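# A look at the structure
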Amino acid sequence: MELTIKASTIILTLGDITRETTDAIVNAANSRLAGGGGVDGAIHRAGGPGIMQECRKIGGCPTGQAVITTGGNLKAKYVIHTVGPRYQDGTRNEATLLRSAYLECLRLASKKHLRSIAFPAISTGAYGYPLPEAARIALQTTIDYLSSHQEIAQIKFVLYNQHSFEVFTEELEKIKDSLVSHGVGNTFH
Ligand code: ADP
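Everything numeric here is computed off the predicted structure, so don't read it as measured data.

Before going further, it helps to spend a moment on the layout of surface pockets. A probe as big as a water molecule, rolled over the atoms, marks out the empty space that is left. Quantified by volume, the largest pocket comes out at close to 640 Å³. At the level of secondary structure, the elements contributing two or more residues to the lining of the largest pocket comprise helix H1 (38-47), strand E7 (154-159) and helix H5 (162-181). Among the elements that make up the lining of the largest pocket, the one with the highest residue count is H1 (4 residues). By residue class, the composition of the lining of the largest pocket is 14 nonpolar, 12 polar and 2 charged.

Next up on the list: H1. Asp 40, Gly 41, Ile 43, His 44 and Gly 47 are the residues of H1 that are buried. An end-on view of H1 places all buried positions within 165° of arc, on one side of the element. In H1, the exposed positions angled more than 90 degrees off the buried face are occupied by Gly 38 and Arg 45. Buried positions along H1 lie against strand E3 (24-28), helix H2 (49-58) and strand E5 (78-82).

Our next topic: H2. Those residues of H2 not exposed but buried are Ile 51, Met 52 and Cys 55. Each buried residue of H2 sits inside an arc of 95° when the element is viewed along its axis, so together they form one side. Exposed and oriented more than 90 degrees from the buried face of H2 are Pro 49, Arg 56 and Lys 57. Looking at the buried side of H2, the elements it contacts are H1, strand E4 (66-70) and E5.

Moving on to the pairing of E5. Summarising burial for E5: 5 of the 5 residues are buried, a large majority. In the sheet, E3 pairs with E5 via 5 bridges, with the strands oriented parallel. Bridge pairing in E5 links Ala 24 to Tyr 78. Where E4 meets E5, 5 bridges bridge the pair, whose relative direction is antiparallel. Counterpart to Val 67 in the pairing with E5 is His 81.

About the thresholds
- Residues numbered from 1 in each chain as written.
- Predicted model: local features only at pLDDT ≥ 70, side-chain atom pairs only at ≥ 80, totals over all residues.
- Heavy atoms only, no water.
- 1 Å grid on protein atoms, 1.4 Å probe; cavity = no way out; pocket = protein on both sides within 12 Å on 5 of 7 lines; lining within 4 Å.
- Points joined across faces, edges and corners; volume = space filled by probe spheres on them.
- Helix = DSSP H or I, 4+ residues; strand = E, 2+ residues; numbered from the N terminus.
- Nonpolar A, V, L, I, M, F, W, Y, C, P; charged D, E, K, R; others polar.
- Buried < 20%, exposed > 50% of the residue type's maximum accessible area, 1.4 Å probe, protein only.
- Arc of directions from axis to C-beta.
- Contact = heavy atoms within 4.5 Å.
- Pairing = 2+ DSSP bridges.

Printed below as a string of structure tokens:
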């Protein structure tokens with residue numbers, strides 16, 4: 001499923017982000033950049049120890065921020081490590097922090113003149129963020145960003161299982177419908 005915003009395309013796909021050929025892939029890291037399970041473990045395993053060496057030099061990353069390393073042995077040239085919020089009860093600034101995590105990745109990608117970036121569903125695994133709300137925030141943040149920045153041509157969401165893919169697809173459908181009803185002139189596929 002795709003949505004075109006001005007000169008850029010948002011793509012939803014089912015798969016393993018470590019196999020992506022985008023300029024950068026995003027890692028859902030922890031604030032110590034210490035590696036872990038889930039997508040973080042998969043990226044370090046596939047990318048090799050060089051990425052962790054760079055992370056150690058950087059030292060850490062506060063929740064809602066992002067840092068960049070090379071992609072090591074990955075096909076992607078860079079890994080952007082961001083730290084999403086741990087979901088507690090929805091009153092601990094989780095939505096703002098999740099939005100910020102996506103936004104800081106996009107800003108770093110623009111700063112580095114990257115043309116394509118792939119995101120996992122940040123915070124929706126070990127950090128427990130409810131999937132529909134996390135998907136809505138992820139998609140709305142990228143759409144808002146692309147409406148004022150055209151330098152990134154392609155933003156992919158690489159969903160690891162059928163359920164996440166379906167939830168992201170439903171949320172993107174809803175956003176498309178509301179864009180149409182507000183008369184925003186985008187091209188849909
Ligand atoms: P967090 O701590 O931010 O919740 P997780 O890695 O536990 O991070 O989960 C984030 C999301 O990444 C989950 O939806 C999980 O299914 C997904 N995920 C796990 N491995 C991969 C992978 N190799 N590629 C893409 N997504 C993945």
